[in-house]
Amino acid sequence: DRFNKEEAHMRRVLRDAIGFALALNRTLVLPRMLCYCDNIWKEMKHCRVGGAFGMTLPFDCPADHILQLVNWFGGRDGAVPKIDFREPGFLTDPRLAPEIRRSWSRVSLPPMSAEQARAALQKYETTRVLELSHAKDTFCGFEASDEGNAYAGLVNHLVPYSRHFCMEDGLKVGPGGIPYYSPCCHGAPGRHFPCKFLIGGPPVYANAKDRPPFCVPTPDQTLAVREEQVPADYPDLSANPRSRQFHKVVDEFRSGLKRGG
């Protein structure tokens, strides 16, 4: 249930962030994604794989735990439209160019359409990084039908994801219970592990004329854009040799501390 709540939020963020990236012709930096369950084909207990019951939850999701990653690279046959994107840790990577760090603005904005966003954010056109303090339920669609159709097709390929969680919580496993190595989700009563499934993806609002419920028209939304201070303490999510997590692991091994030993 916690995973589905995180999912419902994250996919709406992703849906609207894609809209703004397309409208403003910008590269999308994926939002941080948290996993409240591990990902494996077999049964889990307390959302953890056997042998890893001490694992801390939630953890930062590998992209393929939560996205149909092949579609972000054009699909298996290359037929899926592409969008320029970067991984969640891109902007916290110590290797990020200093000139990019110096050109970084964070803004809070109300729900707006593509044309409204272009007008409201024009002053940031040359800013290298434009961060939205929140993106969920903020994009109201495109005025141009061809842009809207392209956006809808892209979101429908990139945002939805199908996944199940095979659970043994509260069940007796082994003699007198569910047999070891039983299948997940489907099978004879008492001889399979039950599953929970991800909820469906959010609706896509591609046409600005058909405004979604969260888009309340105002006379001039340009005035409602508010600039905020960029936080200085974003966690380093990058997977590189200079990240804090890497050094934490290396230092443990240098000290003779072996994980799980």
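In case you missed it, the structure is sitting above this.
Residues numbered from 1 in each chain as written. Predicted model: local features only at pLDDT ≥ 70, side-chain atom pairs only at ≥ 80, totals over all residues. Heavy atoms only, no water.

1. Some details on the pairing of strand 6 (residues 129-132)
Relative to strand 6, strand 5 (residues 104-108) is paired through four bridges, and the arrangement is parallel. By the bridge assignment for strand 6, Trp 104 is matched with Val 129. Following the backbone out of strand 5, through helix 4 (residues 114-120) and into the adjacent parallel strand 6, one traces a crossover that is right-handed. (Pairing = 2+ DSSP bridges. Helix = DSSP H or I, 4+ residues; strand = E, 2+ residues; numbered from the N terminus. Right-handed = clockwise from strand over helix to strand, strands pointing away.)

2. Some remarks on the packing of aromatic side chains
In total, this model carries seven aromatic pairs according to the counting rule given. Geometrically, the ring pair formed by Trp 72 and Phe 85 is edge-to-face, given 5.1 Å between the ring centres and 65° between the ring planes. Remark: Phe 85 occurs in strand 4 (residues 85-86) and Trp 72 occurs in helix 2 (residues 69-72); sequence separation between them is 13 residues. Ring centres of Phe 73 and Phe 85 lie 5.5 Å apart, and the angle between their planes is 70°; on these two criteria the pair is classed as edge-to-face. Separated by twelve residues along the polypeptide, Phe 73 in the loop between helix 2 and strand 4 and Phe 85 in strand 4 bring together distant segments of the chain. Relative accessible area serves as the criterion here: at 54%, Phe 73 is assigned to the exposed category. Among the aromatic side chains, those forming a connected cluster through ring pairs are Phe 20, Phe 139, Phe 142 and Tyr 151. The positively charged end of Arg 86 is found above the aromatic ring belonging to Phe 90, 5.8 Å away from the centroid. (Phe/Tyr/Trp six-rings, centres within 6.5 Å; stacked < 30°, edge-to-face > 60°. Buried < 20%, exposed > 50% of the residue type's maximum accessible area, 1.4 Å probe, protein only. Lys NZ or Arg CZ within 6 Å of the ring centre and 35° of its normal.)

3. Remarks on the state of the cysteines
Taken as a whole and assessed by the stated rule, the structure comprises five disulfides. At a sulfur-sulfur separation of 1.9 Å, the disulfide partner of Cys 35 is Cys 61. Taking the sign of the torsion about the S-S bond as the criterion, the disulfide between Cys 35 and Cys 61, at about 125°, is right-handed. Of this pair, Cys 35 sits in strand 2 (residues 34-35) while Cys 61 sits in the loop between strand 3 (59-60) and helix 2; the two residues are 26 residues apart in sequence, bridging distant segments of the chain. Both residues of the pair, Cys 35 and Cys 61, count as buried. Taken in N- to C-terminal order, the disulfide-linked cysteines of the protein are connected 1-4, 2-3, 5-10, 6-7, 8-9. (Disulfide = S-S within 2.5 Å.)

4. Looking at the sheet that holds strand 6
The mixed open sheet is built from three strands, whose spatial order is 6-5-9. Each of the sheet's edge strands pairs with one partner strand only, and the pair in question is strand 6 and strand 9 (226-228). Strand after strand, the sheet turns through a mean of 40° between neighbouring axes, direction not considered. (Axes fitted to C-alpha atoms, helices over the stretch in contact; angles between N-to-C directions.)

5. Brief notes about the side chain of Glu 43
In this structure, Glu 43 sits in the loop between strand 2 and strand 3. Here Glu 43 falls in the buried class, since its relative accessible area comes to 12%. Once residues lying within four places of it in the same chain are set aside, the contact partners of Glu 43 are Cys 166, Glu 168, Cys 184 and Phe 193. (Contact = heavy atoms within 4.5 Å.)

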